Amino acid sequence: MAKQQYFGIKYPFQNESENNYFVDLNETYVDKMRSELLHIIFTPKGQRYRNPDFGTNLIKYIFEPNDDEAWSGIKSEIKSQVSKYLPRIIFKDISLYKDKENENRVYADISYSIMKGETEEPDNIQIRVI
């Protein structure tokens with residue numbers, strides 16, 4: 001039987017796998033990078049001890065007007081922090097859009113590639129930003 005290789009803890013933290021581990025683990029390198037990307041995006045700056053610059057300031061956009069200026073701030077915040085902490089991720093596109101039922105909610109469709117050696121592996125996530 002082949003030994004399974006894992007790539008860190010899956011984010012968001014959960015325990016739904018059949019392996020009976022304390023938390024779920026990433027089974028592929030792409031899953032690992034997706035978990036790290038989500039971890040950076042959803043961690044507020046200043047929350048991590050000894051690394052207060054880790055994360056984003058997306059929380060400040062909760063009470064901002066839902067307009068193009070705020071959306072460009074959200075995009076630049078995500079791009080700058082992710083490129084700082086995950087240089088292997090290359091952004092292709094970040095699209096923001098409003099929820100059709102609730103215009104106060106903003107979602108992001110993030111298309112990116114993961115550099116794995118000399119090859120690029122494309123990936124995509126959809127998240128609720130606000």
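For the structure, see preceding data.
Below, the structure is looked at part by part. (Residues numbered from 1 in each chain as written. Predicted model: local features only at pLDDT ≥ 70, side-chain atom pairs only at ≥ 80, totals over all residues. Heavy atoms only, no water.)

The next point concerns the packing of aromatic side chains. A full pass over the atoms with the stated rule returns three aromatic pairs. Ring geometry for phenylalanine 7 and tyrosine 29: centres 6.4 Å apart, planes at 80°, overall edge-to-face. On the criterion of sequence distance, the pair formed by phenylalanine 7 in the segment before helix H1 (29-42) and tyrosine 29 in helix H1 is long-range, its members being 22 residues apart. With a relative accessible area of 22%, phenylalanine 7 lands in the partly exposed category. Between tyrosine 97 and tyrosine 107 the ring centres are 6.0 Å apart and the planes differ by 20°, which places this aromatic pair in the stacked class. Residue tyrosine 97 is found in strand S1 (residues 89-98), and its partner tyrosine 107 is found in strand S2 (residues 106-116); the two are separated by 10 residues along the sequence. (Phe/Tyr/Trp six-rings, centres within 6.5 Å; stacked < 30°, edge-to-face > 60°. Helix = DSSP H or I, 4+ residues; strand = E, 2+ residues; numbered from the N terminus. Buried < 20%, exposed > 50% of the residue type's maximum accessible area, 1.4 Å probe, protein only.)

A grouping of Glu64, Asp67, Asp68 and Glu69 is seen on the molecular surface, where their side chains present a negatively charged patch. The topology assignment puts glutamate 64 in the loop between H1 and helix H2 (68-85). Judged by its relative accessible area of 45%, glutamate 64 is partly exposed. (Patch = residues over 30% accessible without salt bridge, like charges linked within 9 Å, V, L, I, M, F, W, Y side chains within 5 Å. Areas by Shrake-Rupley, 256 points an atom, 1.4 Å probe, with all protein chains shown as cover. Salt bridge = Lys/Arg side-chain N within 4 Å of Asp/Glu carboxyl O. Lys, Arg positive; Asp, Glu negative; His and termini not counted. Charge placed at Lys NZ, Arg CZ, Asp CG, Glu CD.)

Here the focus is a nonpolar patch on the surface. The grouping of Ile59, Ile62 and Phe63 at the surface amounts to a nonpolar patch, some 380 Å² of accessible area in total. Within the secondary structure, isoleucine 62 is located in the loop between H1 and H2. Looking at isoleucine 62, the relative accessible area reads 41%, which means it is partly exposed.

The next subject is the pairing of strand S3 (residues 119-128). Relative to S3, S2 runs antiparallel, the two sharing 10 bridges. Along S3, the bridge assignment pairs alanine 108 with isoleucine 127. Hairpin remark: S2 followed by S3, antiparallel, with two residues in the connecting loop; positive phi at glycine 117, about 70°. (Pairing = 2+ DSSP bridges.)

Time to look at H1. The α-helix advances 3.6 residues per turn, and as a result positions three or four apart in sequence lie on the same side. The terminal C-alpha atoms of H1, which comprises 14 residues, lie 20 Å apart, in line with the 20 Å expected from a rise of 1.5 Å per residue. Every buried residue of H1 is accounted for by Tyr29, Val30, Met33, Ser35, Leu37, Leu38, Ile40 and Ile41. If you follow the buried residues of H1, they end up packed against H2, S1, S2 and S3. (Expected span 1.5 Å × (residues − 1). Contact = heavy atoms within 4.5 Å.)

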